[in-house]
Amino acid sequence: MDLKFNSSRKYVSISIPSKSQAMSPHIKSVDDVVVLGINLSKFNKPTQFFICVSGVFLFYLIYGYLQELIFSVEGFKPFGWYLTLVQFGFYSIFGLIELQLVQDKRRRIPGKTYMMIAFLTVGTMGLSNTSLGYLNYPTQVIFKCCKLIPVMIGGVFIQGKRYNIADVSAAICMSLGLIWFTLADSTVAPNFNFTGVVLISLALCADAVIGNVQEKAMKLHNGSNSEMVLYSYSIGFLYILLGLTCTNGLTPAVTFCSKHPVQTYGYAFLFSLTGYFGISFVLALIKIFGALLAVTVTTGRKAMTIVLSFLFFSKPFTFQYVWSGLLVVLGIFLNVYSKNMDKIKLPSLCSLWNQSAEERKTRTLSQTV
């Protein structure tokens, strides 16, 4: 906007630039959500949701399998933090490569915010990886499936959100269903350790906060997924490197992994690659649909992980899996319903009762006639 003053004629002329002049290229695409080169903004909401959910399930199912495979290597369990360091290093490289493919390479989210996000990311992923050295995989899932409720609590305190009864019911159903679902598997080979319980509990607390912080930062500053991944994981890499150096945990891990390069670095590369693809779709879910729905999807993915474990590995079967699975499905339905209450009109109990009474009355009249 240009303002021109003329003292002799005493007038002000205002010229308003055109829309193409007023908006720079990076502002034009401020609402674009690009994941692995796919511009999701070109699709409608249901298609966006389908693509994101498919990506989360595909890559994180492979991710979970590789995670358990790495910790099955004899002697690797004490080096969970080193695995997280390698994982963060790969994530930083992948994020840098992806950021070079986009036109706008500027950092939009403040550095202080990234320092906090990186700290929370280190907490949730590092403590989760390390807990597998003390707990078996099903026991870990029992704790991780409960993060749906903390995310809702975090949404209330961090973003001031208010959730309806359907969202609360969905969180309770999914959490109870997954706990019930995985409890049978954990009782087959229970391996509880108090240290592992503390680690996974702390990871759960960090995970409950990080989704809301990421959602608030990405929506407030319009940050891209690749930017979020690059800066949060590169800063987190420095955090872990400093911690391992100060605790003398770096040298033993490097020595062990150098003796088993394929089972450690090779698996870690695939583990990080699938995890990076998965987190890209999770960030897209957070940006488009919010943290609650994103966590609902990832929680459902954990149920699918255990279902697939029955298909690939022989395990005892009880109907407890069936009933708890139905409870999870109910939770998913309640969450979807809460997001589409204006489109999905469920009949009330009163209307169902009146309809039933009307049908009985009609049958009575027909029999009388």
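Rules behind the numbers
- Residues numbered from 1 in each chain as written.
- Predicted model: local features only at pLDDT ≥ 70, side-chain atom pairs only at ≥ 80, totals over all residues.
- Heavy atoms only, no water.
- Helix = DSSP H or I, 4+ residues; strand = E, 2+ residues; numbered from the N terminus.
- Buried < 20%, exposed > 50% of the residue type's maximum accessible area, 1.4 Å probe, protein only.
- Contact = heavy atoms within 4.5 Å.
- Areas by Shrake-Rupley, 256 points an atom, 1.4 Å probe, with all protein chains shown as cover.
- Expected span 1.5 Å × (residues − 1).
- Phe/Tyr/Trp six-rings, centres within 6.5 Å; stacked < 30°, edge-to-face > 60°.
- Lys NZ or Arg CZ within 6 Å of the ring centre and 35° of its normal.
- Axes fitted to C-alpha atoms, helices over the stretch in contact; angles between N-to-C directions.
- Parallel < 35°, antiparallel > 145°, perpendicular 65-115°, else oblique.
- Left-handed = near helix turned anticlockwise from the far one by under 90°.
- Nonpolar A, V, L, I, M, F, W, Y, C, P; charged D, E, K, R; others polar.
- Polar contact = N/O pair within 3.5 Å; in protein donor to acceptor, adjacent residues only side chain to side chain.
- Core = buried A, V, L, I, M, F, W, Y, C linked by side-chain atoms within 4.5 Å.
- Patch = residues over 30% accessible without salt bridge, like charges linked within 9 Å, V, L, I, M, F, W, Y side chains within 5 Å.
- Salt bridge = Lys/Arg side-chain N within 4 Å of Asp/Glu carboxyl O.
- pLDDT = per-residue confidence, 0-100.

## Overview of the overall build of the protein
The number of helices and strands found in the protein is 15 helices and 4 strands. The buried share of the protein, reckoned over its 369 residues, is 45%. Excluding contacts between residues fewer than 6 apart, the proportion of contacts in the protein whose partners are at least 24 apart in sequence is 84%. Just so you have it, the protein exposes about 19700 Å², and 68% of that area is on carbon and sulfur atoms.

## Thoughts on helix α12 (residues 261–289)
The terminal C-alpha atoms of α12 lie 40 Å apart, and with 29 residues this matches the ideal 42 Å at 1.5 Å per residue to within 8%. Looking one or two residues beyond α12, the residue adopting positive phi is Gly 290, at roughly 100°.

## Considering the packing of aromatic side chains
The final tally for this structure, using the stated rule, is 19 aromatic pairs. With a centroid separation of 5.5 Å and 75° between ring planes, the pair formed by Phe 71 and Phe 76 is classed as edge-to-face. There is no split in this pair, since Phe 71 and Phe 76 are both buried. Centroid distance Phe 94 to Phe 269: 6.0 Å. Interplanar angle 70°. Geometry classified as edge-to-face. Of the two residues, Phe 94 sits in helix α4 (residues 80–100) while Phe 269 sits in helix α12, which places them 175 residues apart along the sequence. Aromatic ring contacts, followed pair by pair, group Phe 59, Phe 88, Phe 90, Tyr 91, Phe 94, Tyr 233, Phe 269, Tyr 276, Phe 277 and Phe 281 into a single cluster. Here the basic side chain of Lys 45 rests over the ring of Phe 289, its NZ or CZ set 5.4 Å away from the ring centre.

## Section: the packing of α4 against helix α5 (residues 111–131)
One way to put it is that α4 packs onto α5 with a least axis distance of 8 Å and a crossing angle of 135°. Regarding the angle of α4 to α5, the classification is oblique. Along this stretch, α4 crosses α5, giving a crossing that reads as right-handed. On α5, the residues touching Gly 80, Trp 81, Leu 83, Thr 84, Gln 87, Phe 88 and Tyr 91 of α4 are Thr 121, Val 122, Met 125, Gly 126, Leu 127, Asn 129 and Thr 130. Tallied by class, the residues present in the contact of α4 with α5 amount to 7 nonpolar, 7 polar and no charged.

## Points about the environment of Met 116
Assignment of secondary structure puts Met 116 in helix α5. You can call Met 116 partly exposed: its relative accessible area is 44%. It is 9.6 Å that separates the C-alpha atoms of Met 116 and Ile 235, two residues lying 119 residues apart in sequence.

## Structural notes on the side chain of Thr 274
Checked against the element boundaries, Thr 274 lands in helix α12. Using a relative accessible area of 10% as the deciding quantity, one classes Thr 274 as buried. A polar contact is formed between the side chain of Thr 274 and the backbone oxygen of Leu 270, at a distance of 2.9 Å. Each residue touching Thr 274, except ones within four places of it in the same chain, is listed here: Phe 59, Ile 62, Tyr 63 and Leu 66.

## Examining unusual backbone geometry
Positive phi, close to 55°, is recorded for Asn 248, a residue that is not glycine. Summarising the element assignment, Asn 248 is placed in the loop between α10 (225–246) and α11 (250–259).

## Notes on the nonpolar core
Counting residues in hydrophobic clusters, the biggest one holds 61 residues, and the most contacted among them are Leu 40, Phe 76 and Tyr 82. Leu 135, Leu 199, Ile 200 and Ala 203 belong to the second-largest nonpolar core, a separate cluster that totals 7 residues.

## With respect to a nonpolar patch on the surface
A surface patch of nonpolar side chains, amounting to about 740 Å² of accessible area, comprises Ile 149, Ile 153, Val 156, Phe 157, Ile 165, Val 168, Ile 172 and Leu 176. Looking at the nonpolar patch, the elements with two or more residues in it are α7 (148–158) and α8 (165–188). Along the chain, the position of Ile 149 falls in helix α7. Ile 149 sits in the partly exposed class, given a relative accessible area of 34%.

## Here's the deal with the packing of α5 against helix α9 (residues 194–221)
The interhelical angle for the contact between α5 and α9, taken along N-to-C directions, is 150°, at an axis separation of 8 Å. Crossing of α5 over α9 shows left-handed handedness. Only Gly 196, Leu 199, Ile 200, Leu 202, Ala 203, Ala 206, Asp 207, Val 209, Ile 210, Val 213, Gln 214 and Ala 217 of α9 make contact with α5, whose side of the interface consists of Thr 113, Met 116, Ile 117, Leu 120, Thr 121, Gly 123, Thr 124, Leu 127, Ser 128, Thr 130 and Ser 131.

## What to know about the environment of Leu 250
Among the secondary structure elements, Leu 250 is positioned in helix α11. In the structure, Leu 250 is positioned 171 residues away from Phe 79 in sequence and 9.0 Å away in space, judged by C-alpha atoms. The contact partners of Leu 250, leaving out residues within four places of it in the chain, are Tyr 82, Leu 85, Leu 241, Leu 244 and Thr 245.

## Some details on the side chain of Arg 301
Relative to the helices and strands, Arg 301 is located in helix α13 (residues 291–312). When its relative accessible area of 8% is taken as the criterion, Arg 301 is described as buried. In this structure Arg 301 touches Val 56, Phe 57, Tyr 60 and Leu 61, once residues within four positions along its chain are discounted.

## Overview of the confidence of the model for the protein
Chain-level statistics for the protein give a pLDDT mean of 74 and a share of 71% at 70 or above. By mean pLDDT, helix α2 (residues 25–28) is the weakest element of the protein at 32, and α11 is the strongest at 90.

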